[in-house]
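# Coordinates in review
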Amino acid sequence: MKIEIQEFNDRVESLENILGYQFKDKSLLLAAITHRSFVAEYPKKLRDYEVLEFLGDSVVSLIVSEILIKQFPDAREGDLSQLRSAIVSEAYLSKLAKSLKVSDFVLISRGEKSQKGEERDSLLCDVFEAIFGALYVDADYKIDVPREIFNKLFKDRVLEDIKTENIPRDYKSLLQMETQRLYGKIPTYKLIHSEGPEHDKVFVVECEIEQIKTTGKGKSKKEAETAAAKEAFKKIKE
Ligand code: MN
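Residues numbered from 1 in each chain as written. Predicted model: local features only at pLDDT ≥ 70, side-chain atom pairs only at ≥ 80, totals over all residues. Heavy atoms only, no water.

### Points about the overall build of the chain
The helix and strand tally for the chain stands at twelve helices and three strands. With the C-alpha coordinates aligned to their principal axes, the bounding extent of the chain is approximately 70 × 50 × 25 Å. Burial status across the chain gives 43% buried among its 238 residues. Pairs at least 24 apart in sequence give 55% of the contacts found in the chain among residues at least 6 apart. For the chain, the computed accessible surface area is about 13,400 Å², with 50% contributed by carbon and sulfur atoms. Charged side chains of the chain number 39 positive and 43 negative; the gap between the two group centres comes to 2 Å. (Helix = DSSP H or I, 4+ residues; strand = E, 2+ residues; numbered from the N terminus. Buried < 20%, exposed > 50% of the residue type's maximum accessible area, 1.4 Å probe, protein only. Contact = heavy atoms within 4.5 Å. Areas by Shrake-Rupley, 256 points an atom, 1.4 Å probe, with all protein chains shown as cover. Lys, Arg positive; Asp, Glu negative; His and termini not counted. Charge placed at Lys NZ, Arg CZ, Asp CG, Glu CD.)

### What to know about the coordination of the manganese ion
Six octahedral donors around a metal ideally sit at 90 or 180 degrees from one another, while four tetrahedral donors ideally sit at 109.5 degrees. Surrounding the manganese ion are the protein donor atoms Glu 53 (OE), Asp 126 (OD) and Glu 129 (OE), which sit 2.2 to 2.6 Å from the metal. Written as a sequence motif, the donor arrangement for the manganese ion is E-x72-D-x2-E. Of this pair, Asp 126 and Glu 129 both sit in helix 9 (residues 121–138), three residues apart, roughly one helical turn. Across this residue pair, the class does not change: Asp 126 and Glu 129 are buried. (Donors = N, O, S within 2.8 Å, 3.2 Å for Na, K, Ca; no water.)

### With respect to the sheet that holds strand 3 (residues 212–218)
Sheet architecture is open: three strands sit in the order 1-2-3, paired in antiparallel fashion. Pairing within the sheet leaves two strands with one partner each, and these edge strands are strand 1 (188–195) and strand 3. Pairs of neighbouring strands in the sheet enclose a mean axial angle of 20°, with direction left out of account. Sitting on the sheet, helix 11 (residues 171–183) touches strand 1, strand 2 (202–209) and strand 3, and the angle it makes with strand 2 is about 15°. (Pairing = 2+ DSSP bridges. Axes fitted to C-alpha atoms, helices over the stretch in contact; angles between N-to-C directions.)

In structure tokens form, the structure reads like this:
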């Protein structure tokens, strides 16, 4: 048991170092990295991350909103809102979580671990949110500390990823909205070809709207269409 408590402390301390912040209440950060499955098999009472995740979801969303309105003061609400949901999505927050090495710290059951549960995007995203929830609570429910840490670690990257269109988005709907606005039309998609064995197929799809023609590749038709839509969206934005 002693060894385990040491192990908990080590994890909390390493994560504090990555965040550059010392928690007043270390049990908050411990809870933020504790998955329900670990609590279930641990003999003593422990708190899991779920409530902190619930709170952290809003904390991250608020911080991201502030970054966006400052960066794009003239943007419309609809665009800001689309961009924010892309940033706070599981697909993107799990990427940010990886740079905090969340999967090295999270406490999950042996069963989950044997299935590489600590590398699942949904869990990475949840723990990421829970960490920001924990920071918010530890800072007496004030946004300053979590905001400062988020900005220090991630703001430049997020802005760069926005600029380079590196945030996973629903490009088919984005493109459709844009082409409806510009041309009063929606794009068409055509399967050009698919190659490779049944279990490992690659699809190539062409997207066409007005004089713009792009192609995209993917492991499914949907993925290929999204890739083609992304290219067309970029062209239209140029
Ligand atoms: Mn979540």
